[in-house]
Amino acid sequence: MATCVQGCAPAVRFCQRLNRLKTLDEDMMATSLKRCLSTVDLALLGVGGMVGSGLYVLTGTVAKDTAGPAVVLSFLIAGVASLMAALCYAEFGARVPKTGSAYMFTYVSVGEIWAFLIGWNVVLEYMIGGAAVARAWSGYLDSIFNHTIQNFTETYIMRWDVPFIAHYPDLLAAGILLVATIFISFGVRVSSWLNHIFSAVSICVILFILIFGFILADRANWSEKEGGFAPFGVSGVMAGTATCFYAFVGFDVIAASSEEASNPQKAVPIATAISLALAATAYILVSAVLTLMVPWHTLDPNSALSDAFYRRGYSWAGFIVAVGSICGEGPPLFHVPFHRAIFTFTVVSRVTSTTGTRMYAMAEDGLFFSVFSRVNPVTKVPVIAILVFGFLMALLALIFDLEALVQFLSIGTLLAYTFVAASIIVLRFKPEKVGSKPSDGDPEPHAEPSPTAPECQDGGEFKEYESFSDKLQLVEMQKKRRERRAVGQLKACWEPYLGSLLGDCEPGEVVAFSVLALMVSSVSLCAVLVFGNDPLQLPTWSFSLLEGIFSLAFLLSLGLIWVHEQQRNTKTFQVPLVPFIPGASILLNVFLMLKLSPLTWVRFTIWLAAGLLVYFGYGMWHSKEGLRGQPPRDMAARYVVLPSGSLVETLQAVQPDAQGPAQDQGQVDAPPPRSPSAEAHGTKR
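The rules behind each value
- Residues numbered from 1 in each chain as written.
- Predicted model: local features only at pLDDT ≥ 70, side-chain atom pairs only at ≥ 80, totals over all residues.
- Heavy atoms only, no water.
- UniProt positions renumbered as here; feature names shortened; annotations may be inferred.
- Helix = DSSP H or I, 4+ residues; strand = E, 2+ residues; numbered from the N terminus.
- Buried < 20%, exposed > 50% of the residue type's maximum accessible area, 1.4 Å probe, protein only.
- Contact = heavy atoms within 4.5 Å.
- Areas by Shrake-Rupley, 256 points an atom, 1.4 Å probe, with all protein chains shown as cover.
- Axes fitted to C-alpha atoms, helices over the stretch in contact; angles between N-to-C directions.
- Parallel < 35°, antiparallel > 145°, perpendicular 65-115°, else oblique.
- Left-handed = near helix turned anticlockwise from the far one by under 90°.
- Nonpolar A, V, L, I, M, F, W, Y, C, P; charged D, E, K, R; others polar.
- Expected span 1.5 Å × (residues − 1).
- Bend = angle between axes of the 7 residues up to and from the residue.
- 1 Å grid on protein atoms, 1.4 Å probe; cavity = no way out; pocket = protein on both sides within 12 Å on 5 of 7 lines; lining within 4 Å.
- Points joined across faces, edges and corners; volume = space filled by probe spheres on them.
- Polar contact = N/O pair within 3.5 Å; in protein donor to acceptor, adjacent residues only side chain to side chain.
- Patch = residues over 30% accessible without salt bridge, like charges linked within 9 Å, V, L, I, M, F, W, Y side chains within 5 Å.
- Salt bridge = Lys/Arg side-chain N within 4 Å of Asp/Glu carboxyl O.
- Arc of directions from axis to C-beta.
- Core = buried A, V, L, I, M, F, W, Y, C linked by side-chain atoms within 4.5 Å.

As annotated in an unreviewed UniProt entry, the protein chain carries the name Cationic amino acid transporter C-terminal domain-containing protein and is attributed to Scleropages formosus. UniProt, in the comment section headed Subcellular location (unreviewed entry), describes the protein chain in these words: "Membrane".

Structure follows, in structure tokens:
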């Protein structure tokens, strides 16, 4: 048995290496980047990330093909669904104000390899998103000039006919990204002001659309004569919601910029709420204006808003809308299934910057090549990372067709949303380490006042507990403190019912297994909903049975998590109703991921395999967390099998070879004695 246990030790240590967590510095505000972004800056970044061509194209497409005038309800439901994921990002951005966003959040709560894969995929999302934005904007600008740029390029420069590659090199799109890269290299303040200019133009155009559009509104366009408010019924509203959800992708840029925020604890949650509220309001009001101006079934999906003004006889208004769409993004970006490419031109420069800072975060932790972690001492930005990945984005925009680019989009973002929601649950119920400071807002575990001790009031005077009612109140307070258990333990009120079953588990152990069960049940339930009827053609009874089983497992996992104590923090923002809001976010994200095309999953798997090669070839061996936990070179590990069968790792000093004769004579200095607690846990010195 001892041989078997010793044989498993390398595998156990390998798994521990893959799942090691990032150790955060005590000073969370310490950074080599420049903290200069205010709440307004972050809010405008979020608005620019969400309000793009979806406002000019997606509204008309969903209204005509999916939901009709009820697209208003689709955007409302999609905004509420996006709020669940946004709240999770806001808590992490305020609690862990570091560059990396979903990568960093996963690293501090789930494990290293999962964090690397999330960061690797989100970097790809940003690279392809930036290239797709530039390509779309270039195509829209070319269409204004009657395709003069395309004709000139194909005639005098180059043309090729290769699948998944553009018919001609898009020099304008590549140039846009190179210019954005140069702007970013001068510092975050320059890119912030550039984003402010484009956002201001876009907001002015939106206000013009709302004011002038409501003047031209006709309620008869929502009447039964035109098909009614919801011509496609509830199913059409929900199908439109699945499409409209992608319009809100982009709020994570706020959390990704938290390391550059002046006061991230307050700015990140407030900016997230403001930007999401403004984006949802803009989408809902513009959808209402559009379907009230002209009948929904006559809309042009490619240029709905500008075409609506043209048809009402105001061509000059249509030109203003076209200018706004240029500042937002080019409509060709939405000429693909699911309309899942939601990146705006107002943040092309920010996409380039965020890609560079994400690579900087991974390189700073040793998981990617260290050259990308160098920060320019003058501009306070990772110039090398920004220049390299800006050039790669320009290369993608130069060569690949728009439709080929957007095939990669969304799956990495949705996967990041899923892991961030799961990380919120894990970290909220994770017990504090021994010897660490209690979390903000939690009382000291032994800070109970004695019945005779006076209590200090706000005015600085002490109040003696003399009356009988005061003593009863103090006893009640002490009772509540005793009932409050450690984080991750079973709540006192559930002890009589679940104590015999879960009482012996370590704090946080049940929650960890429940989160895993939550993820598995979510994937299973969504797989039945997506593939049960059409591809698999399951009988009705088996479809209903599987739905019931996986739904019950999902709810049971949420219940098991909820009956445990969680951390209380009053100084930074926390997601309410944990674990229910993160659980609902996980379920929605998994459902949308399974709705993506099979080709997207194939390409995603290929990119994932490339990331694993990078991690196992470089990242795992250069990880700073791994180097931090390595024992000194003059120490050797020794394994001891206890009578119970458990394996314990101990450390012993190794003498140099020159002292070999002394070792034979028994003159070796004994290693320092270790405490029994250290021996039991196998801790390293």
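What follows picks up the thread again.
Caption draft 1: Layout of the overall build of the protein chain. Along the protein chain, the regular secondary structure elements total 27 helices and four strands. Burial status across the protein chain gives 50% buried among its 685 residues. Partitioning the intrachain contacts of the protein chain with sequence separation of at least 6 by distance along the chain shows that 79% fall at a separation of at least 24. Summed over all atoms, the accessible surface of the protein chain reaches about 31,700 Å², with 65% contributed by carbon and sulfur.

Caption draft 2: Region of the structure containing the packing of helix 18 (residues 411–428) against helix 23 (residues 580–594). Closest axis-to-axis distance for the helix 18/helix 23 pair is 9 Å, and the angle between their directions is 160 degrees. Between helix 18 and helix 23, the crossing angle belongs to the class labelled roughly antiparallel. Where helix 18 crosses over helix 23, the two elements pack in a sense that is left-handed. On helix 23, the residues that touch Ile411, Leu414, Leu415, Tyr417, Thr418, Ala421, Ala422, Ile424 and Ile425 of helix 18 are Pro582, Gly583, Ser585, Ile586, Asn589, Val590, Leu592 and Met593. Grouping the constituent residues of the contact of helix 18 with helix 23 by class yields 13 nonpolar, four polar and no charged.

Caption draft 3: Helix 4 (residues 71–95), seen in detail. Its 25 residues give helix 4 an end-to-end C-alpha distance of 36 Å, which sits within 8% of 36 Å, the value for a rise of 1.5 Å per residue. The largest bend along helix 4 reaches roughly 25 degrees and is located at Met84. Among the 25 residues that make up helix 4, 19 are buried, leaving the element largely enclosed by the rest of the structure.

Caption draft 4: Representation of the layout of surface pockets in the model. The space that makes up the second largest pocket amounts to roughly 870 Å³. Lining the second largest pocket are 29 residues, with Val110, Trp114, Phe419, Leu516 and Met519 positioned closest to its centre. For the lining of the second largest pocket, the elements supplying multiple residues, two or more each, are helix 6 (112–144), helix 18, helix 21 (509–531), helix 23 and helix 24 (598–622). Considering every element that reaches the lining of the second largest pocket, the biggest residue donor is helix 21, with seven residues. Among the residues making up the lining of the second largest pocket, the classes are represented as 23 nonpolar, five polar and one charged.

Caption draft 5: Looking closely at the environment of Val122. Locating Val122 in the fold gives a position in helix 6. The sequence separation of Val122 and Gly412 amounts to 290 residues, and the corresponding C-alpha distance is 5.5 Å.

Caption draft 6: Structural detail: the side chain of Asn221. Summarising the element assignment, Asn221 is placed in the loop between helix 9 (188–215) and helix 10 (233–244). There is a polar contact of 3.4 Å between the side chain of Asn221 and the backbone oxygen of Met293. If we ignore the near neighbours within four places in the chain, the residues touching Asn221 are Glu226, Thr291, Leu292, Met293, Val294, Pro295 and Trp296.

Caption draft 7: Fine view of unusual backbone geometry. Cis geometry marks the peptide bond from Val578 to Pro579, where omega comes out at 15 degrees. Relative to the elements of secondary structure, Pro579 occurs in the loop between helix 22 (540–562) and helix 23. Positive phi, normally seen in glycine, also occurs at Leu577, with a value near 55 degrees. Positionally, Leu577 belongs in the loop between helix 22 and helix 23.

Caption draft 8: Broad picture of a nonpolar patch on the surface. Taken together, Leu73, Leu76, Ile77, Val80, Val234 and Met238 make up a surface patch of nonpolar side chains, about 530 Å² in accessible area. Taken together, the elements giving at least two residues each to the nonpolar patch come down to helix 4 and helix 10. When residues of the nonpolar patch are assigned to their parent elements, the largest contribution, four residues, is made by helix 4. Along the chain, the position of Val234 falls in helix 10. Exposure remark for Val234: the relative accessible area of 67% places this residue in the exposed category.

Caption draft 9: Expanded view of helix 10. Helix length check: helix 10 (twelve residues) gives 16 Å between terminal C-alpha atoms against 16 Å at 1.5 Å per residue, within 8%. Among all positions of helix 10, only Gly236, Val237, Gly240, Thr241, Thr243 and Cys244 are buried. Taken end-on, helix 10 shows its buried residues confined to a sector of 160 degrees, consistent with a single buried face. Facing away from the buried surface of helix 10 by more than 90 degrees, the exposed residues are Val234 and Ser235.

Caption draft 10: Quick look at the pattern of salt bridges. Enumeration according to the criterion identifies seven salt bridges in this entry. The residue Asp307 makes a salt bridge to Arg311 at a minimum N-O spacing of 3.8 Å. Of this pair, Asp307 and Arg311 both sit in helix 13 (residues 304–311), four residues apart, which is roughly one turn of the helix. A relative accessible area of 39% means that Arg311 is categorised as partly exposed.

Caption draft 11: Representation of the packing of helix 12 (residues 264–293) against helix 13 in the model. Closest axis-to-axis distance for the helix 12/helix 13 pair is 10 Å, and the angle between their directions is 35 degrees. For the pair helix 12 and helix 13, the sense of crossing is left-handed. Each of Val286, Leu290 and Met293 in helix 12 lies in contact with helix 13, whose residues at this interface are Ala304, Leu305, Ala308 and Phe309. Grouping the amino acids of the contact of helix 12 with helix 13 by side-chain chemistry returns seven nonpolar, no polar and no charged.

Caption draft 12: Region of the structure containing the nonpolar core. By size, the foremost hydrophobic cluster in this structure holds 140 residues, and its most contacted members are Leu42, Phe75, Tyr89, Phe248 and Phe368. Examining the composition of this core, we find that 16 residues originate from one element, helix 6, more than from any other.

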